[in-house]
Amino acid sequence: MVSVYVKALVITLVLFAGNYFFVKYLDDSRAQDLQTRVSDLEEEMQSARTLLLYTQTYNRSTEICPALEETTRAQINKLYDLFSQLQQTESSAVLADTARTKRRFILANSELWLYLRQLESVCGSSGITPILYFYPDQRDCVECRAQAQILNSVRDACSNVRVFAFPTDLDLGVVNAIKSRYSITTTPSIVINEKTLAGITSRDAILSEVACIKN
Amino acid sequence: MIKKMLEGLRNSFWFSALLVVGLFAAFFYALFAVVPYLAIFLAANFLFVYVAVVYLLKFWEKGEQKLSNKFPSASVIIPCYNSAKTIDRCVESVFALEYPRKLQVIVVDDASTDATKQKLLQLKKRFPSLEIMRHPRNQGKARSLNLALTKAKGEIVACIDSDTYPARDALKRMVRLFNNERVGAVTALVCVEKPRNFVQKIQEIEYYVAFGFWHTALAELDGLIVTPGPMSIYSAAALEKIGGFDEDNITEDMEIALHLQSAGYKIRLTTDAVVRTDVPDSWAKLFKQRLRWLRGKIFNGRKYRHMLFNSKYGDFGRFVYPVSFAVELLGVVVVSRILFLHGGNFINDLLGAVGVAQVDASLVTNLGIYSGAIVNSSVFFFLFTIMVWLYIVWLSFGIAKQKINVWHVPPMVVFMTLYSMFISFVYFSGMVHEIVGTERRWENKEKVKA
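Computed from a prediction, not measured in an experiment: that's the story for all the values here. (Residues numbered from 1 in each chain as written. Chains lettered and ligands numbered in written order. Predicted model: local features only at pLDDT ≥ 70, side-chain atom pairs only at ≥ 80, totals over all residues. Heavy atoms only, no water.)

**Some remarks on the pattern of salt bridges**
Residue and element names in this part refer to chain B. This is how it is decided: By salt bridge we mean one thing: a side-chain nitrogen of Lys or Arg within 4 Å of a carboxyl oxygen of Asp or Glu. Secondary structure counts use DSSP, requiring at least four H or I residues in a row for a helix and at least two E residues in a row for a strand, with both numbered from the N terminus.
Applying the stated criterion to the full structure yields 33 salt bridges over all chains. In this structure, the salt-bridge partner of Glu98 is Arg168, at a minimum N-O distance of 3.6 Å. With a gap of 70 residues between them, Glu98 in the loop between α4 (87-95) and β2 (103-109) and Arg168 in the loop between β5 (164-166) and α7 (170-175) connect regions that are remote in the sequence. Here Arg318 ties to Asp315 by a salt bridge, and the two come within 3.3 Å at their closest N and O atoms. Residue Arg318 and its partner Asp315 are located together in helix α12 (residues 314-359), separated by three residues, close to a single helical turn.

**Points about the sheet that holds strand β3 (residues 131-134) of chain B**
Residue and element names in this part refer to chain B. Spelled out, the test is: For two strands to count as paired, DSSP must find a minimum of two bridges between them. Lines are fitted to the C-alpha atoms to define the axes, a helix being fitted only along its stretch in contact, and any angle between axes, read from their N-to-C directions, falls within 0 to 180 degrees. Throughout, a residue-residue contact means that at least one pair of heavy atoms, one from each residue, lies within 4.5 Å.
Pairing is mixed across the open sheet formed by eight strands, whose spatial order is β3-β2-β1-β4-β7-β6-β8-β5. With partners counted over all chains shown, the strands left at the sheet margins are β3 and β5, one partner each. Pairs of neighbouring strands in the sheet enclose a mean axial angle of 30°, with direction left out of account. As defined by bridge partners, strand β1 (residues 74-80) adjoins strand β4 (residues 156-160) across four bridges and the pair is classed as parallel. Looking across to β4, one finds that Ser75 is bridged to Val157. Along the sheet, helix α8 (residues 198-220) contacts β6 (183-192) and β8 (266-277); its crossing angle with β6, the most-contacted strand, is approximately 150°.

**Thoughts on the domain arrangement of chain A**
Residue and element names in this part refer to chain A. To keep things clear, this is the line we draw: The split of the chain into domains comes from an automatic or database domain assignment. Summed over both partners, the accessible area (1.4 Å probe) lost when two parts come together is defined as the buried area.
Taken domain by domain, chain A consists of domain 1 (1-124) and domain 2 (128-215). Here the C-alpha centroids of domain 1 and domain 2 sit 20 Å apart. With 21 residues of domain 1 at the contact, the number on the domain 2 side is 24 residues. For the pair domain 1 and domain 2, the two sides together bury roughly 2100 Å², of which 63% comes from carbon and sulfur. On the domain 1 side of the contact with domain 2, Arg73, Tyr80 and Trp113 bury the most area, a combined 33% of that side's loss.

**Comments concerning the sheet that holds strand β2 (residues 161-167) of chain A**
All names here are of chain A. If you walk across this open sheet you meet the four strands as β2-β1-β3-β4, and the pairing is mixed. The strands lining the two open edges of the sheet, one partner per strand, are β2 and β4 (195-198). The sheet shows a mean angle of 20° between the axes of neighbouring strands, direction not considered. One ladder, built from seven bridges, connects strand β1 (residues 129-135) with β2; its direction is parallel. By the bridge assignment for β2, Tyr135 is matched with Pro167. Helix α2 (residues 61-92) contacts β1 and β2 of the sheet and is inclined by roughly 40° relative to β2.

**Describing a nonpolar patch on the surface**
Residue and element names in this part refer to chain A. Counted only if it meets this: Like-charged residues within 9 Å of one another, or nonpolar side chains (Val, Leu, Ile, Met, Phe, Trp, Tyr) within 5 Å, are grouped into patches, provided each residue has over 30% relative accessible area and no salt bridge. For every accessible area listed, the method is Shrake-Rupley and the probe measures 1.4 Å; residues are considered covered only by the protein chains on display. Three exposure classes are used, based on accessible area relative to the maximum for each residue type with a 1.4 Å probe and protein chains only: buried under 20%, partly exposed in between, and exposed over 50%.
A cluster of nonpolar residues, Val2, Val6, Val10 and Val14, forms a patch on the protein surface that exposes about 340 Å² of accessible area. Here Val2 is to be found in the segment before α1 (4-58). On the basis of relative accessibility, which here comes to 48%, the residue Val2 falls in the partly exposed class.

**Re the environment of B:Val275**
All names here are of chain B. Within the element layout of this structure, Val275 appears in strand β8. Val275 sits in the buried class, given a relative accessible area of 0%. Taking the C-alpha atoms as reference points, Val275 and Cys191, separated by 84 residues in sequence, lie 6.1 Å from one another. Excluding residues that lie within four positions of it along the chain, Val275 makes contacts with Thr164, Tyr165, Pro166, Ala170, Ala188, Leu189, Val190, Cys191 and Met231.

**Quick word on helix α13 (residues 379-399) of chain B**
Stated formally: Working rule for helices: expected span equals 1.5 Å times residues minus one.
Compared with an ideal rise of 1.5 Å per residue, which puts 21 residues at 30 Å, α13(B) spans 30 Å between its outermost C-alpha atoms and is within 8% of the ideal. For α13(B), the complete set of buried residues consists of B:Phe381, B:Thr385, B:Val388, B:Ile392, B:Val393, B:Leu395, B:Ser396, B:Phe397 and B:Ile399. Turning to α13(B), the residues buried within the fold contact α1 of chain A together with α3 (37-61), β6, α8, β8 and α14 (409-416) of chain B. Once α13(B) ends, the next one or two residues include B:Lys401, with phi positive near 55°.

**Overview of the nonpolar core**
Heads up, the rule is: Each nonpolar core is a collection of buried residues, namely Ala, Val, Leu, Ile, Met, Phe, Trp, Tyr and Cys, held together in the definition by side-chain atoms within 4.5 Å.
Judged by nonpolar contacts, the single largest core of 129 residues is most densely connected at B:Tyr55, B:Ile78, B:Leu171, B:Phe213, B:Ile233 and B:Phe319. With sequence-adjacent residues up to four places away left out, B:Tyr55 is seen in contact with B:Phe213, B:Trp214, B:Ala217, B:Leu218, B:Leu221, B:Phe319, B:Val320 and B:Val323.

**A closer look at the confidence of the model for chain B**
Residue and element names in this part refer to chain B. Basically, it comes down to this: You can read pLDDT as the predictor saying how much it trusts each residue, on a scale of 0 to 100.
Residue-level pLDDT values for chain B average 87, and 89% of them are 70 or greater. By mean pLDDT, the top-scoring element of chain B is β4 (97), and the lowest-scoring one is helix α1 (residues 2-10) (67). pLDDT under 50 marks residues 444-450. Its contacts with residues more than four places away, or in other chains, come to 36 contacts. For this predicted complex, the interface confidence comes out at an ipTM of 0.79, alongside a pTM of 0.79.

**A word on the interface of chain B and chain A**
By a widespread convention, an interface's size corresponds to the accessible area lost as its parts come together. Quick reminder of the rule: A 3.5 Å cut-off defines polar contacts: any pair of N or O atoms within that distance qualifies, except that in protein one atom must be a possible hydrogen donor and the other a possible acceptor, and neighbouring residues in sequence count only when both atoms are side-chain atoms. In this classification, the charged set is Asp, Glu, Lys and Arg, the nonpolar set is Ala, Val, Leu, Ile, Met, Phe, Trp, Tyr, Cys and Pro, and all remaining amino acids, among them Gly, are polar.
Facing 35 residues of chain B, the contacting portion of chain A comprises 33 residues. Carbon and sulfur atoms supply 73% of the area buried between chain B and chain A, which totals about 2800 Å² over both sides. For the interface between chain B and chain A, the tally reads zero salt bridges. Summed over the shared surface of chain B and chain A, the number is two residue pairs in polar contact (both at pLDDT 80 or more). Secondary-structure elements contributing two or more residues to the side of chain B that touches chain A are α3, α12 and α13 of chain B. Of all the elements, α3(B) adds the most residues to the side of chain B that touches chain A, at twelve residues. Considering only residue class, the side of chain B that touches chain A consists of 21 nonpolar, ten polar and four charged.

**Comments concerning the state of the cysteines**
What makes a disulfide is a covalent bond joining the sulfur atoms belonging to two cysteines. Residues and elements named next belong to chain A. So the rule is basically this: Counting rule for disulfides: a pair of cysteine sulfur atoms within 2.5 Å.
Going through the model one piece at a time under the given rule, you end up with three disulfides over all chains. Between the sulfur atoms of Cys65 and its disulfide partner Cys123 the distance amounts to 1.8 Å. Residues Cys65 and Cys123 share a disulfide whose torsion about the S-S bond is about -80°; that sign makes it left-handed. Within this pair, whereas Cys65 is found in helix α2, its partner Cys123 is found in helix α3 (residues 99-123), the two being separated by 58 residues in sequence. No difference in accessibility class separates Cys65 from Cys123, as the two residues are buried.

**Some details on the pairing of β1(A)**
All names here are of chain A. For clarity, the threshold we go by: Clockwise travel from the first strand over the helix to the second, with the strands pointing away from the viewer, marks a crossover as right-handed.
In terms of residue burial, β1 counts as a mostly covered element, since seven of its seven residues are buried. Neither face of β1 is exposed, since Thr129, Ile131, Tyr133 and Tyr135 on one face and Pro130, Leu132 and Phe134 on the opposite face are all buried. As a crossover connection, the stretch from β1 through helix α4 (residues 142-157) into β2 is right-handed. Of the pairings in the sheet, the one linking β1 to strand β3 (residues 189-192) comprises four bridges and is antiparallel in character. When the sheet's bridge partners are listed, Tyr133 is paired in β3 with Ile190.

Now the structure itself:
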């Protein structure tokens, strides 16, 4: 006769296995959703880049630039929303690896920011005031969460402001280059119009820098 | 002089408390730096569920117990200390016990300083057969019990706390479980007497679960670790063989149970016999009581370590006894991990909020800037644990023939969440007190239970 201890072990293992696969399924679904959204955005960005290349090649900036500006704004917004989703998924999905998606997100972020610079050179102005926001990925930071809240409120108030978030401690070549360019040594830090503001920056200080066009 | 000061420090609550916090932080900081939190949570959860499933299986296996038709002679011992408020009702309950034979009732007054002595003299007038013994100075519960044992004539000895009120049929039901000479003790379903405040209502549920469900399952495994102090009955022969109660023990009811197990005696339980007892009515008193229980458990764990993982003692040595320590230790680790995480977040948030306030004071009240509770998908692993717990609580109410009503819900929620943290913290404090060697003693101010 099977002892009660063995029976209990089998029951517990079955329960745990069931639980594990359920949690794994949930986590994978969330990670997959995130991955799909990043992929969609990458595809949209590729399309925009190709259009920019076409504009440059055939010098059609007058017709195409307004549309490019519009899609770029939408993409930056999407990317910033993805930033919140990424952080949420990262802290809640314990059985899914989001590191790869995170790197793709950061690269897309960097690429979009560079694309915006290119757009400005081709179209004259993008009508967008970018704010680069530097935060630590591996460390909890109340000031950074406060800074993010301030940036959210500025973005909501000003139609021309868009935020690009960069983690400073993930050792990614392109982010390191941006950090070095703007002499980022502390978090949170923000860059507005090529000006680095170290530490937490108030809403008023940001508004005084961005020439806010109210929503 | 210095030696005396050091001795004083060793026995100082605040010194111990400081040590608790210091050791707490150092030990867990080191542990959590090495072991990922998910591994700790899952290991603990697995063990909790596994143990619960073992006990549930044993609980479901429970069959009819073989009952004896004999009613041996019985002595009732009531040790008391400063029990003026409860002794009347306790003695009345004992004399109201339905038992086919005349009971010998002995009260031992352990040098009470309140009106217990006068109360006992009045009781003697009402119950002339009541035997009263008195210690000239306070000597503790175990010595009081042993003193009464020298006068006890019954084949069965019932030990009852002075703030406990057995149901009229309790003794009659319990005695029938002495169905062979290897049965050394029989325990009952201990319930809380008229829970009035929230602390007592939590304990009401705890007692149903502990003395109802867990004790039933443990008894099925011959693994009862304690013969509850409020009321347990013993075979006089078994008590004589093991030499009575350990007088240097602050949890003599646990020690005697372990001693009986060690000597090969069985301990039986009947949940049909109900005894009601007063319980601590404040968190401070509860903390002191549980600290004593847990320190007693650690102390007795050392004394009876030969039984741990020893298959000579059957399921008790192989599983029940070691697992009782493992579950509590892992409980401490899990609770510490939660406290450590949230404590760390709290300090971080507090310091961060000071910096934020300097830039924008209005943000300090924005909850978005603070660390949220850690709710991640690992909670799904705990959902099943919570369901098992709920089922056990429901079963326990059934054992006690109680219905769950809406007023039970708030204490039940606390019992299943924060109360476990409280108990784990007490356990950790108990461990530290044992390590630093603070003097073990019964607290006079504690509403004593053993």
